Amino acid sequence: MPTRPWPIATFAALILIAFLAHSVLAQEIKAQGTNAQDIKAQDIKPQNTRERWYILELAGSPAGHMSSITTTTGEGDAKTITTDASLVLSIARAGAKINVTQESRFIETAAGKPISMRSRQVMGGEIIQEYVFKEDSVELTTRQPAGEPKVSTLKLPEGPWLPPAAAEAYARQRVAAGATELTVRTMDPTLGPTIITAERKIGAKTTIEIAGRAIAVTEHTVTMSNMPGMKTTEMVDEAGDKVQSRTQLGGFPIVMTASTRAEALQERAGEMPELMTTTFITPDKPIKQPRDTVRASYLLRVKEGQPVDLATTSAQRVQNVDATTVRVIVDTIALEPAPKQDVENAAFLGSSAMIEPKDAKIISLAQQAVDALGKRLLLAARAAGAGGR
């Protein structure tokens, strides 16, 4: 097939990133010439502890819950602000239940200077990544149950950006100024020291109903640089808090609705959303001997909107036909080499929380895969030359 399901861990991380950025920006408004240096300690005045809880629905089915907890500790120059966020996602994949927990923490000074951040992912195993901000670098420690901690040094991103609590303080300033648009540069622990640029437009006032209660809200539209083309519609109440958001992620509608802690944590009736078989594309006619086919051409049409941005790989090429149609050509014989920018991209060959390329076992498995592919291509080429497909 020319498409494949979203990796579950990636899907969960994207949901949490969207949640964090949107929560931080719930009150932020654009102001020309304002940046991180304009934030003063007295501008950041959160409560000692503030909790926000949300019920998560995915494709119309209950899928878990999310929370954001802000805590202030210390006094004077020693005061720090900690922002904790958590996502618990329960989904089905080909009939199997999968539970994913994604957590993040950001600690900053009351003056808006980053101190550290942390992300934790649990899906089968556990991966923890801890970042400590230095003057001109970031120290990363990766921990897993098996193996020793791995420590590395990363570059700080260029340009001004705001940690979560500082961003909220900036937001309150701009709301008071009465502006109607914003652009902000922030950071999320699940992405590491990478700046996310988020843009928000403030729309019309309206009223929505949640749990039988009418709530006066303002409609916001949010876009983020790490999710190009994806828009989120948020409903923000008169206190500046998000009470509901709606978005499409990977073709799945996601709804987050504000709730109490007890409501968010309780079990809810309904089938879990299926994130594997529902992503499959069914051909309009049977394919003869599909497991032996080495070349194929598909016309993919969408019922509404624009076609999905499909990947071009060594075996797959995508051609635009019209506004709603693309042609996907799959050829496992005439493989195209990887583009130069991919070959030279150090991120594709570097270590990650999941894999160490220099590990002897990884090298052995990679060689086995290459050898097996070579044999398969040779057999397929012989079959094609003999009149095969």
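The model shown is predicted, which means the values in this text are computed figures rather than measured ones. Every chain is numbered independently, its residues counted from 1 as its sequence is written. The model is predicted, so local features are restricted to residues of pLDDT at least 70 and side-chain atom pairs to those at 80 or more, both for listing and for counting; the totals for chains, interfaces and linings are taken over all residues. Heavy atoms from the whole structure form the basis of all side-chain values; hydrogens and water molecules are not counted.

Moving on: the nonpolar core. Residue types Ala, Val, Leu, Ile, Met, Phe, Trp, Tyr and Cys, when buried and joined through side-chain atoms within 4.5 Å, form a set referred to as a nonpolar core. Each residue is placed in one exposure class: buried if its accessible area under a 1.4 Å probe, protein chains only, is under 20% of its type's maximum, exposed if it is over 50%, and partly exposed if it falls in between. Judged by nonpolar contacts, the single largest core of 25 residues is most densely connected at Leu56, Leu58, Leu89 and Met224. Formed by 9 residues, the second largest nonpolar core is a distinct cluster that contains Met117, Phe133, Trp161 and Met187.

Below, the discussion takes up the packing of aromatic side chains. The pairing test for Phe, Tyr and Trp rings, Trp by its six-membered ring, is centres within 6.5 Å, and the orientation test on the planes gives stacked under 30 degrees, edge-to-face over 60, and tilted for anything in between. In this structure the tally under the stated criterion is 3 aromatic pairs. Taking 6.2 Å as the distance between ring centres and 70° as the angle between the ring planes, the aromatic pair formed by Phe106 and Trp161 counts as edge-to-face. Separated by 55 residues along the polypeptide, Phe106 in strand β4 (residues 96-109) and Trp161 in the loop between β8 (150-155) and α2 (164-177) bring together distant segments of the chain. Side by side, Phe106 and Trp161 carry an identical accessibility label, which is buried. Centroid distance Phe133 to Trp161: 5.9 Å. Interplanar angle 40°. Geometry classified as tilted. Placement of the pair is Phe133 in strand β6 (residues 125-133) and Trp161 in the loop between β8 and α2, with a sequence separation of 28 residues. Since its relative accessible area comes to 10%, Phe133 is described here as buried. By definition here, charges over rings are those cases where NZ of Lys or CZ of Arg is within 6 Å of the ring centre and within 35 degrees of the ring normal. Here Lys242 stacks its cationic end above the ring of Tyr54, 5.2 Å away from the centre of that ring. Only DSSP runs of H or I covering at least 4 residues are called helices, and only runs of E covering at least 2 are called strands; the numbering of each starts at the N terminus.

What follows concerns unusual backbone geometry. Positive phi, close to 55°, is recorded for Ala211, a residue that is not glycine. Tracing the sequence through the fold places Ala211 in the loop between β10 (195-210) and β11 (213-224). A positive phi angle, near 45°, is found at Gln289, a position not held by glycine.

Of the pairings in the sheet, the one linking strand β9 (residues 181-187) to β10 comprises 7 bridges and is antiparallel in character. Within β10, the residue paired with Thr183 across the bridge is Glu199. Between any two strands, pairing holds if DSSP finds at least two bridges. Taking the residues between adjacent antiparallel strands as the criterion, β10 and β11 are bridged by 2 residues, where Ala211 takes a positive phi near 55°.

In this section: the pairing of strand β2 (residues 61-73). With 10 of 13 residues buried, β2 lies mostly within the body of the structure. Following strand β1 (residues 49-58), the chain reverses through 2 residues before pairing antiparallel with β2; Ala59 in that reversal takes a positive phi of roughly 55°. Two strands pair when backbone bridges link them, and β2 and strand β3 (residues 80-93) are joined in this way by 10 bridges, in the antiparallel orientation. Among the inter-strand pairings, Thr70 is bridged to a residue of β3, identified as Thr83. Here β2 hands over to β3 after 6 residues, with Gly74 in that stretch at a positive phi of 80°.

Distances and angles like these do not, on their own, reveal function.
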